[in-house]
Amino acid sequence: MINISKKKKFIRIFFLIIFLYSSNLSARAEDIVALYKYLHANPELSWQEDQTSELLSGKLESYGFNVTRGVGKKGVVAIYRNGKGPSLMIRADMDGLPVEEKTNLPYSSKIKSVNRFGVEVPVMHACGHDIHMAVLIGTADELISRKKEWSGTLIMILQPAEELGQGSLAMINDGLFERFPRPDFNLALHVGSNAPAGSVGYHLGYAMANVDSVDIIIPGVGGHGAYPHTAIDPIVLSSQIVLALQTIVSRKINPLEPAVVTVGSIHGGLKHNIIPDEVKLQLTLRSYSDEVRDQTIQSIKRIVRGQAIAAGLPDDKMPKVILKDEYTPALYNDPDFSSKVLGFIEDEIGSENVYEVPAVMGGEDFGRFGKQDPKIPSLLFWLGGTSKEDWKKFKRGDINLPSNHSPFFAPVPEPTLTTGVRAMTSSAIGLLQ
């Protein structure tokens, strides 16, 4: 039986340990918030993530990671081996967007950069990649400080060019799974305004869509607007094609299968009374299954050619359907693996703060990492980023919340960052125990 004096001493030591641990967490939280604000104020466009990758590489090296720079042009791979056990990959994306920030925050971005087309544009972390990077660094710090609690290989990757759907493919093609340990599991998160800070959302199975960008170049036979019978009008033809494309989802795709065909851009002509000799369309396509994706693409090609033939275009003037190299595969959250990880998160932040959310038709190229044969069980979960006050106003219908890619998108730093670090750290330790 413990005597009173020894019992009091034990209690004092116990609470001293708790205090020191809590103080350490508090200090880490301040550091991570400061890092987040710096990243938010200093975004870089896709394929230009030089300063960002160098800053974060240095931090990971200071924690003891073996860091390789320049994987897939701008990517970073950081490895920490901590004895025998499975390998876990945690990924964050680095690139900002050509968006002019309008949040009026004291740490808002004033950055301007020249994009890949040679045009100067404003740059903003309008999709929350600054949150993702800060959480990854905070998780790395936490996992190294608690390395006695887990065993295995930790793989932290910082990925470029997610917004173009190209970064994950570039890293894979540069030997991500050959030059470095192949992970047994993949984890990532994505912040959003559609949930209160302090919460985690998830969707099992297909959670985000295949994304394809398509250009259609439609030739015509130009002429005077007063003599349309002497021309083949590509503006009329393109209008017919745009309308006909709407029948793909409504009449060609199984109604139980999600699909989107959106014409986001149409350009042709320079003057009121001139029939041009060319029109250009730009489309975005969304789907979940590869079968629906292929069916949609083939339907577009068939419709475009059929409408061109009906308009009288000869074979040497057939429109061109160009599938861009910006394909993003659908994100699939492996149900069994995801349920296991979500159990770790619930134990850490409380089951009342973890809930299911609907799938969306947005894209996320993290899904490509899990599709490499043999497939790797993967999960991307959502991190709530709206203050509780704004969330209450939103639920009452008093305000609308800015979505990702909005110039007003600004997750509240705390408790968003702390929740992200806690959720990711608990998931990692659970998987690596």
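All of these numbers come straight from a predicted model, not from anything done at the bench.

Asker: Sorry if this is basic, but what is going on with the packing of aromatic side chains here?
Answerer: Counted by the stated rule, this structure contains nine aromatic pairs. Ring geometry for Tyr-206 against Tyr-332: centres 5.1 Å apart, planes inclined by 70 degrees, an arrangement best described as edge-to-face. With Tyr-206 in strand S9 (residues 205–208) and Tyr-332 in strand S16 (residues 331–333), this pair connects stretches of sequence that are 126 residues apart. Residue Tyr-206 is classed as partly exposed on the basis of its relative accessible area of 37%. Taking relative accessible area as the criterion, Tyr-332 reaches 40% and is therefore assigned partly exposed. Ring centres of Trp-391 and Phe-394 lie 5.3 Å apart, and the angle between their planes is 40 degrees; this geometry places the pair in the tilted category. Of this pair, Trp-391 and Phe-394 both sit in helix H10 (residues 388–396), three residues apart, which is roughly one turn of the helix. Judged by its relative accessible area of 33%, Phe-394 falls in the partly exposed class.

Asker: Please clarify how the sheet that holds strand S10 (residues 210–219) should be interpreted in this entry.
Answerer: Note: strands within a sheet are paired through backbone hydrogen bonds, in either parallel or antiparallel orientation. With antiparallel pairing, four strands are arranged side by side in an open sheet as S12-S14-S10-S15. Looking at the sheet topology across the chains shown, the edges are occupied by strand S12 (259–268) and strand S15 (320–323). Pairs of neighbouring strands in the sheet enclose a mean axial angle of 20 degrees, with direction left out of account. As paired elements, S10 and strand S14 (residues 278–287) share ten bridges and run antiparallel to each other. Each residue of the ladder has a partner; that of Pro-219, found in S14, is Glu-278. Taken strand by strand, helix H6 (residues 234–252) contacts S10, S12 and S14, and its axis lies near 170 degrees from that of S12.

What counts and what doesn't
- Residues numbered from 1 in each chain as written.
- Predicted model: local features only at pLDDT ≥ 70, side-chain atom pairs only at ≥ 80, totals over all residues.
- Heavy atoms only, no water.
- Phe/Tyr/Trp six-rings, centres within 6.5 Å; stacked < 30°, edge-to-face > 60°.
- Helix = DSSP H or I, 4+ residues; strand = E, 2+ residues; numbered from the N terminus.
- Buried < 20%, exposed > 50% of the residue type's maximum accessible area, 1.4 Å probe, protein only.
- Pairing = 2+ DSSP bridges.
- Axes fitted to C-alpha atoms, helices over the stretch in contact; angles between N-to-C directions.
- Contact = heavy atoms within 4.5 Å.

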